[in-house]
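Examination of the molecular architecture
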Amino acid sequence: MIFSYNNASEFSNGRCPESKSLTFNKSISYITAPCIDVNERKSFTFSMWIYLKFTTKDKFPTFYSDIRGSGRRNGFILAVPEDKAIRVIVIIGGDPKEILKSNEKLQLNTWTHFAITFNEDTDDLSLYVEGKKQEGASVWQGIDYFKRLGEPICTIGNKPEFRADTNHQLYGSVMDLYILSTAPDDIVDLLRGTFMFICMN
């Protein structure tokens, strides 16, 4: 995968001995990243380890965003607001709509594994926290309209319009990001378990 960094993002110690993570600790820090293919309704898996330092009232720290269209007013974000529950939020014409929310909450200053999968055979969009499938998190409301809005700009750490809006700045670290074009039933356990094993050896 190819990433583009800005000057405010940096590498720091990761969750495993001698590993590194990407850290966001300033008001404008982000990277551009590969995009999840949401246009063709094909299966995908998005997997990442997250270390969240803190949250702030009325703000939405964003660890992944896909923004597209005129004025960058459409797309979706994966965010962790003040209550520390992960949200999938679709944005249409600048208006955010929450479509999924985890029942498990992230612990501050702790590495947590997160994944989201879409199964094209069942149309299920599912959230996983620490390998646990979240209750009520298997509803797909469709975002096929995205393909009419042009090519996306995908970022980690903040939304692309960060200079005008710092309400989505993530303060913390991420590592072991995988975006796969498949979603078998055991994929989350495989991704999480593989890296837990690596850290113990």
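Here, the structure is the one placed above.
Heads up: these notes are all about the structure in this document. Everything quoted here is computed from the prediction, not taken from an experiment.

**With respect to the nonpolar core**
Core analysis: the largest hydrophobic core is formed by 32 residues, its most contacted members being Phe46, Phe63, Tyr64, Phe114, Ile116 and Ile156. Per-element tally for this core: the top contributor is strand β5 (residues 44-52), with 5 residues. With residues near it in sequence (within four places) discarded, Ile116 still touches Phe44, Thr45, Phe46, Leu78, Val88, Leu125, Ser126 and Leu127.

**Focus on the state of the cysteines**
Using the criterion set out here, one finds 1 disulfide in the structure. Bridging Cys35 to Cys154, the disulfide has an S-S length of 2.0 Å. Between Cys35 and Cys154, the S-S torsion sits near 120°, and that sign places the bridge as right-handed. Pair noted here: Cys35 is in the loop between β4 (31-32) and β5 and Cys154 is in strand β13 (residues 153-156), with a separation of 119 residues, a long-range link. Judged by relative accessible area, Cys35 falls into the partly exposed class, the value being 31%. For Cys154, a relative accessible area of 3% puts it in the buried group.

**With respect to the pairing of β13**
Two elements, β4 and β13, share 2 bridges in a ladder whose sense is antiparallel. Directly across from Ile31, in β13, lies its bridge partner Ile156. In this sheet, β13 lies alongside strand β6 (residues 62-68) in antiparallel orientation, the contact comprising 3 bridges. Note that in β13 the partner of Ile67 across the bridge is Ile153.

**Some words on the pattern of salt bridges**
Side-chain pairs of opposite charge can arise where the charged atoms are in close proximity. Taken as a whole and assessed by the stated rule, the structure comprises 7 salt bridges. For the salt bridge of Arg87 with Glu98, the shortest nitrogen-to-oxygen distance reads 3.0 Å. One end of the pair, Arg87, is in strand β8 (residues 85-92); the other, Glu98, is in strand β9 (residues 95-105), and 11 residues separate them in sequence. Residue Asp95 is joined to Lys97 by a salt bridge in which the shortest nitrogen-to-oxygen separation is 3.5 Å. Classification of Asp95 as partly exposed rests on a relative accessible area of 37%. Judged by relative accessible area, Lys97 falls into the partly exposed class, the value being 47%.

**Observations concerning the packing of aromatic side chains**
Counted by the stated rule, this structure contains 7 aromatic pairs. Ring centres 5.4 Å apart and planes at 50° place the aromatic pair Tyr51 and Trp111 in the tilted group. Taken as a pair, Tyr51 in strand β5 and Trp111 in strand β10 (residues 111-119) lie far apart in primary sequence, 60 residues in all. For Tyr51, a relative accessible area of 23% gives the class partly exposed. Each ring, one from Tyr64 and one from Phe76, has its centre 6.2 Å from the other, and the planes form 45°; the classification is tilted. In this pair, Tyr64 is assigned in strand β6 and Phe76 in strand β7 (residues 74-79), connecting sequence segments 12 residues apart. Phe76 gets classed as buried once you look at its relative accessible area, which sits at 6%. Cluster of aromatic residues (ring-pair linked, three or more members): Phe46, Phe63, Tyr64, Phe76 and Phe114.

What counts and how
Residues numbered from 1 in each chain as written. Predicted model: local features only at pLDDT ≥ 70, side-chain atom pairs only at ≥ 80, totals over all residues. Heavy atoms only, no water. Core = buried A, V, L, I, M, F, W, Y, C linked by side-chain atoms within 4.5 Å. Buried < 20%, exposed > 50% of the residue type's maximum accessible area, 1.4 Å probe, protein only. Helix = DSSP H or I, 4+ residues; strand = E, 2+ residues; numbered from the N terminus. Contact = heavy atoms within 4.5 Å. Disulfide = S-S within 2.5 Å. Pairing = 2+ DSSP bridges. Salt bridge = Lys/Arg side-chain N within 4 Å of Asp/Glu carboxyl O. Phe/Tyr/Trp six-rings, centres within 6.5 Å; stacked < 30°, edge-to-face > 60°.

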